[in-house]
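So you can see what is in the structure, the chains are spelled out below.
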There are 4 protein chains.
Amino acid sequence: MFDELHEECGVFGIYEKSACNIAESVYSALFALQHRGQESCGISVCDDGVFSHLKGSGLVGEVFGRDNLKSLGQGRIAIGHVRYSTCGGDNPNNIQPLVIRHINGNLALVHNGNLVNTAALRKSFELSGAIFHGSSDTEAIAYEIVRQRLSCKSTEEAVEKAMCELKGAYSCILMTASKMIVFRDPNGFRPLCIGKTADGAYAAASESCALEAVGASFIRDVRAGEIVVIGEDGIQSITTHCGGKNSICIFEYIYFARPDSVIEGTSVHRARLRSGKILAQTAPIDADIVIGVPDSGLDAALGYSLESGIPYGMGFIKNKYIGRSFIQPSQVQRDNSVKIKLNVIKETVADKRVIMIDDSIVRGTTCARIVRLLREAGAKEVHVRISSPPFVHSCYFGTDIDSEDRLIAHNCRTTAEIAEYIGADTLAYMPVSTLSSLLNDKCFGFCDGCFTGNYPVDVSNAVYKNKFDSKIHG
Amino acid sequence: MFDELHEECGVFGIYEKSACNIAESVYSALFALQHRGQESCGISVCDDGVFSHLKGSGLVGEVFGRDNLKSLGQGRIAIGHVRYSTCGGDNPNNIQPLVIRHINGNLALVHNGNLVNTAALRKSFELSGAIFHGSSDTEAIAYEIVRQRLSCKSTEEAVEKAMCELKGAYSCILMTASKMIVFRDPNGFRPLCIGKTADGAYAAASESCALEAVGASFIRDVRAGEIVVIGEDGIQSITTHCGGKNSICIFEYIYFARPDSVIEGTSVHRARLRSGKILAQTAPIDADIVIGVPDSGLDAALGYSLESGIPYGMGFIKNKYIGRSFIQPSQVQRDNSVKIKLNVIKETVADKRVIMIDDSIVRGTTCARIVRLLREAGAKEVHVRISSPPFVHSCYFGTDIDSEDRLIAHNCRTTAEIAEYIGADTLAYMPVSTLSSLLNDKCFGFCDGCFTGNYPVDVSNAVYKNKFDSKIHG
Amino acid sequence: MFDELHEECGVFGIYEKSACNIAESVYSALFALQHRGQESCGISVCDDGVFSHLKGSGLVGEVFGRDNLKSLGQGRIAIGHVRYSTCGGDNPNNIQPLVIRHINGNLALVHNGNLVNTAALRKSFELSGAIFHGSSDTEAIAYEIVRQRLSCKSTEEAVEKAMCELKGAYSCILMTASKMIVFRDPNGFRPLCIGKTADGAYAAASESCALEAVGASFIRDVRAGEIVVIGEDGIQSITTHCGGKNSICIFEYIYFARPDSVIEGTSVHRARLRSGKILAQTAPIDADIVIGVPDSGLDAALGYSLESGIPYGMGFIKNKYIGRSFIQPSQVQRDNSVKIKLNVIKETVADKRVIMIDDSIVRGTTCARIVRLLREAGAKEVHVRISSPPFVHSCYFGTDIDSEDRLIAHNCRTTAEIAEYIGADTLAYMPVSTLSSLLNDKCFGFCDGCFTGNYPVDVSNAVYKNKFDSKIHG
Amino acid sequence: MFDELHEECGVFGIYEKSACNIAESVYSALFALQHRGQESCGISVCDDGVFSHLKGSGLVGEVFGRDNLKSLGQGRIAIGHVRYSTCGGDNPNNIQPLVIRHINGNLALVHNGNLVNTAALRKSFELSGAIFHGSSDTEAIAYEIVRQRLSCKSTEEAVEKAMCELKGAYSCILMTASKMIVFRDPNGFRPLCIGKTADGAYAAASESCALEAVGASFIRDVRAGEIVVIGEDGIQSITTHCGGKNSICIFEYIYFARPDSVIEGTSVHRARLRSGKILAQTAPIDADIVIGVPDSGLDAALGYSLESGIPYGMGFIKNKYIGRSFIQPSQVQRDNSVKIKLNVIKETVADKRVIMIDDSIVRGTTCARIVRLLREAGAKEVHVRISSPPFVHSCYFGTDIDSEDRLIAHNCRTTAEIAEYIGADTLAYMPVSTLSSLLNDKCFGFCDGCFTGNYPVDVSNAVYKNKFDSKIHG
């Protein structure tokens, strides 16, 4: 119904001092990461070298119940994954963790991100006799590690070697019989951090909110290019691949991540507040009320209000019961379908000049419907402010902005034309030049390729992620 | 996990000009009413006298799918229900609509509220040979109507007669082969309103947000004591029982209803904003930020901020994926369980003096945990403001505040003692005397029995609603 | 796919000396009675006056699992039911046990059979204000008992009075807080027997095979018209209604019951062997092999072989995995659909003159398909022998032979015409005059109304059982 | 409950002239093969190079429904599989068809049998960088074919080369974008045959009963060592590996296969009849009745009766509703559990000297219980005759007789000792020397390794099939 953007994955891992009901911790952490992927999920537990896993399509609360969580047994190490994917991705072989049985020891892998050289990697492996069961680039990462492992004396060394071959975005957690190996691509496209619980367990997660869900305190972000090895001897860092250009995805701050997470030293909530403040500075307008489109527009709206002095209001109620199972009404009902998901609080907007903040515009259809809802509710003026620059390019690093043709801003439209399309009195985007001010001073760089077309790595051979599914559905 | 209060039901009905996929409309409306009951739901469709129905345990999105919605077929009249119930209520015979096969014609009934003379009614019916299949008072209402119908010339007349016998709260929609009869008890404890779509269909709903979900415009509230009959000849009102003391449940405004609903002429959102403003006037305190506990504390927090001038902040992230299926972590994890559901945005509260607004305190355990979360996140002071007076009495009219013993405020505690228990620096409730200012001038009266013990009708013979289930589980 | 006949119900009850996991016993017994009804099932447990029950659509193994069986808890008395029903019967309110909450005590009832005065009873009750939730006659029985109970000093006395009003077939088990009351209509249309376990528990069941499933020894059949009361004081018999014309359904022996059951002193297996012997005497033919259509034709085929001296052979393999969930193939596949369910063992019939025994012919279409399968497998001749007389009349007493129009033998066809329709070289039915020889000397009478139109009770006001569902689906 | 033997798989494939709802045909065929594996199943469809598949745990009727069958779409080629497996086998990655995405084209593979050099093959592949997702030997077969394919000009040539490396039992069907390749190991351990439908489609199946289920006529068995290629140019045979020692599993005739199947020119039903006749000749005894233990003992019992002249009787009713979901009763009930599954028809055996035929004795516990049931039912004498020689050795070729320790006959017991253990008056097995007479003259050889320890291929390096699961559950 809504033309939303989707993150593709969230990863989590935990290494305990002694065997316990470790799957419960992963379960809680995956709930905290659920916003990063709602299509499938999985947990893998290692109990003294014996691996158990459970995966399935659906939300964490749908896939896991008391009985099957218990069936995962006790363990000292466990990893988990939540996943979103576009078409083709319903292949059950793509659900992670990816578990590998190997004569040199079992492995389980979770991955957030997207390689840009998957096609070349797969071809190379297949021409030497490899079999791929799924269509994900995660399987290519696993193959590369296993291949390197044959001539390396440890798994972490194999990861180090493998990283020389992997191009693109990967925030990964690898579980072996005795270690948890956490590694992040040299650009650090996707977030990844580590923490520690009071009783000495180490945890790694896509976002700090998942650390808090298991009672762990945030230690630090994994560095771009770093390999963190957690084992019997404690925690150890391999930094061979560090030192590259930091390129955290700026859209993690604007939309993907949870506001209570802190990424690369910057609070996501604070970044969004600042985006609203910047909009108030760069695109001021006289109005009676500022409202945000839930959920990710709310923080920016508050920032706009604080900066401009225009009162903050609650403009919408988002129906929290509508999930993937919601049935699209038939034609007669179609026009009400936005209202069912998002209803206007008339009290807030009637007879007012309204500033409406949203995080982005993809195709524009949803934004147009929301503006119309506001007008029907009596808003006298609707001024739309977007807390990101216009989307004009694809993303190759783990989000689903893959078809430039459908991006309203890509299609040579001026902001005025888009304003007219969505029915807004005025429209303004956040300027690209202000993006850096979302982050604090500790952050050295970010990727804004979807706004600028300037990608930190060469994407000329990258293939859209669903190409490999074009011939096999499953 | 949380000691929350629960509303017990939401009702909806629609009468179309001609046969259509009417179940789809009810489906959409029930999504809008889902907050009023998440335990079970049902839809009943009348197609030219033939009744089809479908009911089940779970959320609307769990019980209804494309196939079974389609199996309900076409029809001109349909009603639906969402239900919450306390223990015993998982009896499938209690799921509504209650469908009755009768020689004088089939009936289907949905009901929100609670009778106070159910025990006497049931006894009287049973002593004359009646069989009760469920434990609900709704079945008693149906019996009374059917009994009256035997000597009345129309169903509406039977309803009119039946209302003489029914004591307590009931907002009902009754479907016959050719009519939809909407009626509300003479005190109007629970909300009930009617609307009309552009193509002439009439709808009735517990809250106006459900009218909007089906594209209907709000016409007016059903009057306390009124019977509205919708049939081939249009809409007709029977007002025999009108004129009593209006006693809308004040807690509908404070907590139960959706902020975008308008009840008895007062916007729920506006009432909550005003509760925050009143708290700012009656219990001011010097602080750096005002935050609300999601979701129902948010509006009041904004009101407090607007009145006091202290900045409004976003203090919490509520995990929207946690539902009834969430598995309580084991002992080790227990302490994190609040964090999984509700996490603090540290950025907002660290090193600040915080005013935290919530709608009510029931047992106090949850409030205590939330205050502790704020302190762990670095709040220097935590001042709790509650947007309702202290709960000290049971409710007999359709909510689940049924055991006074467990109410922290009932147990002779002073506000200071409660403040200490929950760990707040200061605590203040909304004064009972200010409740009337939540409503606008058009509203003539309300029930505040749970705060004052002054009930609009005699409750001396009322029995807690789950008494009838004490001997039969099912 | 197959035009089979269906029994409508099986009942079971058990009264233990002390509380135990009694639901497990009922579960096992219902597996033994599953052939009497595959559409829905239920169990109700009484633990010192507290009733728990669980019901659902599907087979016993589908509705009950370890967890929900356990949730029924311990108890001393329990009853269970399996049910088949025709269209309309998927109304969940019709699933038994029927549990009734009443001021005079709770009741649960299971019933096998069919009343012929349901319409009159329902009308009478409804005109005095009763509400019917389902469409079954079982609810009418419950109403009658509850009505009588108001002026009786015990439930058994109420049953005794109620039986004066109930006309037709009913083998029932009624559970109260402290007793199990087993009663059977004065004609004894449907079987009902009682047994006792080694440790003193009493059990009642539709068939003796269910007694054996719980380790109980058969004591005796419940007499036609008898009320057996099992309680704290042991077992007691009320015989007020005994002495009428015994009219056990002869088709129980021919088709419905399990061969290992003994009904009214006659082994079902032995009755079927005798039907084959009678056919060998009354319709002899020269042939090479005698085969039976599984499952109910096998015993008669063996009887035919023993009497005629023609070798018995295994002619078919019935696919035991095909259940209600089997999906009918599309047109192309349709012709193979019989083969999937029932395949011929070519080795047995190729180049042979075959005598094929089946229990009955309803519409004739299935029989025709089976004969064709035999010819395709190389049978030189196919002589069909039916171990019952031709169906020409409806049954009003608990089976689903309700539309005379669709009975091939009703439609004025001669046996020769039917033989031609089904493609048999010869066809012979068992003569009506020989039916009595299926039973042993202890059995005083039986109902053969479906063959003769002579019904033991007046059926002039009987309505087909699905009439009450014609206006309400659910 | 019962110590039964299990076959491990059934395979099916079909190649149509033009695209159609081909999954429906596979669905029907899998129902016919369900007796060969009840644990999981799957279907893979090829539509012009695009592969769709669906797999799951459970029976065919549980995994497949109308909707998901339809979702497989149209196609010209399709294969399917049913599977039984011992512990460890619940790994979802082991469910077949195994679908492989490869740069040289997609493949899907189904396999019945067991390799004896799996461990060596896996080790060799893993040491060259391969990843195994499951624990099955089927994945090793796929790897070998893919490896050979890299240097071969066609898939059939790759299969031909791969067969040089594969040791043990494999009856396989491989689907490519345009061909169906059917191949069988040089010993032909497991059955495999091909057929053709009236409209020109080719089918291949483990047993001929599956050909009949889709309306195909049996053409011939696939030869031991043969590769049959079905494609655009019709059917073609590669016989490079033919000419070895034929070693069809003799237990296919005795127990595994369906009686209506014909394998290597011998009707399974006829082989069983002959086993009974041989027992009558080699182990005659004076008795009143011969009965078989359902289902596989029935045919042999009839053969014994025909040869000995002692009447054939129906001794047992097997409950056809008890499946995998049946819940074992608790201790009190345990003794009745055999009765629930298998009940004696007392009429048949009371006061008689009974000859009871069963196909085999594994541990002896079940046989002992059945003999006890017969004595409780009044049998005066019980003479057990087993239609196979004693089990004394493991099977390495696709059945689950893998632990010699638990075989009652392996443990140095004499037949007299076993007779005493099971409580039989006399006991006799079928002599090994008579096994060849089960088959007709066209069959050149068979494997009787489980009776004799003489295996057709070297098993010294074979590993029990579940070894690879010992470290990973999933």
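Small disclaimer: the values here were computed from a predicted structure and weren't measured.

1. A word on the overall build of chain A
Broken down by element type, chain A carries 16 helices and 23 strands. Taking the principal axes of its C-alpha atoms as reference, chain A extends roughly 70 × 50 × 45 Å. Out of the 474 residues belonging to chain A, those deemed buried represent 66%. With 48 positive and 54 negative side-chain charges, chain A shows a spacing of 1 Å between the two charge centroids.

2. Regarding the relation of the copies chain A and chain D
Note on the copies: chain A fits chain D at an RMSD of 0.0 Å, the axial shift is 0.0 Å, and the rotation between them is 180°. Taken together, the rotation and translation describe the operation of a two-fold axis. Identified as the residue of chain A closest to the rotation axis by C-alpha distance is A:Ala130, at 3.0 Å. Residue by residue, 100% of the interface of chain A is reproduced at the interface of chain D, so both copies engage with the same surface.

3. What to know about the sheet that holds strand β5 (residues 98-100) of chain D
Residue and element names in this part refer to chain D. Here six strands make up an open sheet; going across it, the order is β5-β6-β7-β8-β12-β13 and the pairing antiparallel. What marks the edges here is a single partner per strand, and that holds for β5 and β13 (234-238). Going across the sheet, the axis of each strand differs from the next one's by a mean of 20°, ignoring polarity. For strand β12 (residues 227-231) and β13, the ladder comprises five bridges, and the chain directions are antiparallel. By the bridge assignment for β13, valine 229 is matched with glutamine 236. Of the strands in this sheet, β5, β6 (107-115), β7 (168-175) and β8 (180-184) are in contact with helix α5 (residues 137-149), which crosses β6 at around 125°.

4. Here we look at the environment of B:Lys55
Residues and elements named next belong to chain B. Examined against the element boundaries, lysine 55 turns out to sit in strand β3 (residues 50-57). C-alpha of lysine 55 to C-alpha of alanine 140: the two residues are 85 residues apart in sequence and 20 Å apart in space. Polar side-chain contacts of lysine 55 include one of 2.9 Å to the backbone oxygen of isoleucine 95. There is a polar contact of 2.9 Å between the side chain of lysine 55 and the backbone oxygen of proline 97.

5. Some points on the pattern of salt bridges
Applying the stated rule across the entire model yields 76 salt bridges over all chains. B:Arg353 serves as the salt-bridge partner of B:Asp286, at 3.2 Å between the closest nitrogen and oxygen. With B:Asp286 in the loop between α9 (268-282) and β17 (289-292) and B:Arg353 in strand β20 (residues 353-358), this residue pair connects regions lying 67 residues apart in the sequence. Among the residues examined, B:Asp286 registers a relative accessible area of 54% and is labelled exposed. Put simply, D:Lys179 and D:Glu156 hold a salt bridge, and the shortest N to O gap is 2.9 Å. With D:Lys179 in the loop between β7 and β8 and D:Glu156 in helix α6 (residues 155-162), this pair connects stretches of sequence that are 23 residues apart.

6. Points about unusual backbone geometry
That bond from A:Pro294 to A:Asp295 is cis: its omega, -5°, falls within 30 degrees of zero. Within the element layout of this structure, A:Asp295 appears in the loop between β17 (289-292) and α10 (297-308). In the Ramachandran plot, C:Asp48 falls in the positive-phi region, its phi being about 55° despite a non-glycine side chain. Examined against the element boundaries, C:Asp48 turns out to sit in the loop between β2 (40-47) and β3 (50-57). Look at D:Asp351: it is not a glycine, yet its phi comes out positive at around 60°.

7. Notes on helix α4 (residues 118-126) of chain D
All names here are of chain D. Those residues of α4 that fall on the buried side of the exposure criterion are Thr118, Leu121, Arg122, Phe125 and Glu126. On an axial view of α4, the arc spanned by its buried residues comes to 125°, and they lie on one face. The elements touched by buried residues of α4 are β6 and α5.

8. Some words on the sheet that holds strand β12 (residues 227-231) of chain B
Residue and element names in this part refer to chain B. Here we have six strands laid out as an open sheet, ordered β5-β6-β7-β8-β12-β13, and antiparallel in their pairing. Since the sheet does not close on itself, it has two edges, and those belong to β5 (98-100) and β13 (234-238), each with one partner. Each strand of the sheet is rotated relative to its neighbour by a mean of 20°, with strand direction disregarded. Packed onto the sheet, helix α5 (residues 137-149) meets β5, β6 (107-115), β7 (168-175) and β8 (180-184) and runs at close to 125° relative to β6.

9. Digging into the interface of chain A and chain D
Where the parts come together, the accessible area they lose is often given as the size of the interface. If you look at the interface, chain A gives 35 residues, while chain D gives 35 residues. Taking both sides of the interface into account, the surface hidden between chain A and chain D amounts to around 3,200 Å²; carbon and sulfur atoms contribute 58%. Where chain A meets chain D, there are zero salt bridges. For the pair chain A and chain D, the number of links is five residue pairs in polar contact (both at pLDDT 80 or more). Elements supplying a minimum of two residues to the side of chain A that touches chain D: β3 (50-57), β5 (98-100), α4 (118-126) and α5 (137-149) of chain A.

10. Comments concerning the side chain of B:Asn187
All names here are of chain B. As for its placement among the helices and strands, asparagine 187 is situated in the loop between β8 and β9 (193-197). Polar contacts involving the side chain of asparagine 187 include one to the main-chain carbonyl oxygen of lysine 245, which spans 3.1 Å. With near-sequence residues (within four places) excluded, asparagine 187 lies in contact with Ala224, Lys245, Asn246, Ser247, Ile248, Pro456 and Val457.

11. Regarding the interface of chain B and chain A
Taken together, the contact between chain B and chain A spans 55 residues of the former and 55 residues of the latter. For the pair chain B and chain A, the summed buried surface comes to about 4,700 Å²; carbon and sulfur atoms form 57% of the total. A per-residue breakdown of the area chain B buries against chain A is headed by B:Met314, B:Tyr321 and B:Ile327, which together make up 15% of the total. If you look at where chain B meets chain A, you find six salt bridges. When the shortest N-O distance is used, the salt bridge between B:Glu347 and A:Arg270 registers 3.7 Å. At six residues, helix α1 (residues 22-33) of chain B tops the list of elements feeding residues into the side of chain B that touches chain A. The residue inventory of the side of chain B that touches chain A, partitioned by class, reads 23 nonpolar, 19 polar and 13 charged.

Conventions adopted
Residues numbered from 1 in each chain as written. Chains lettered and ligands numbered in written order. Predicted model: local features only at pLDDT ≥ 70, side-chain atom pairs only at ≥ 80, totals over all residues. Heavy atoms only, no water. Helix = DSSP H or I, 4+ residues; strand = E, 2+ residues; numbered from the N terminus. Buried < 20%, exposed > 50% of the residue type's maximum accessible area, 1.4 Å probe, protein only. Lys, Arg positive; Asp, Glu negative; His and termini not counted. Charge placed at Lys NZ, Arg CZ, Asp CG, Glu CD. Least-squares fit on C-alpha atoms with pLDDT ≥ 70 in both. Contact = heavy atoms within 4.5 Å. Pairing = 2+ DSSP bridges. Axes fitted to C-alpha atoms, helices over the stretch in contact; angles between N-to-C directions. Polar contact = N/O pair within 3.5 Å; in protein donor to acceptor, adjacent residues only side chain to side chain. Salt bridge = Lys/Arg side-chain N within 4 Å of Asp/Glu carboxyl O. Arc of directions from axis to C-beta. Buried area = accessible area lost by both parts, 1.4 Å probe. Nonpolar A, V, L, I, M, F, W, Y, C, P; charged D, E, K, R; others polar.

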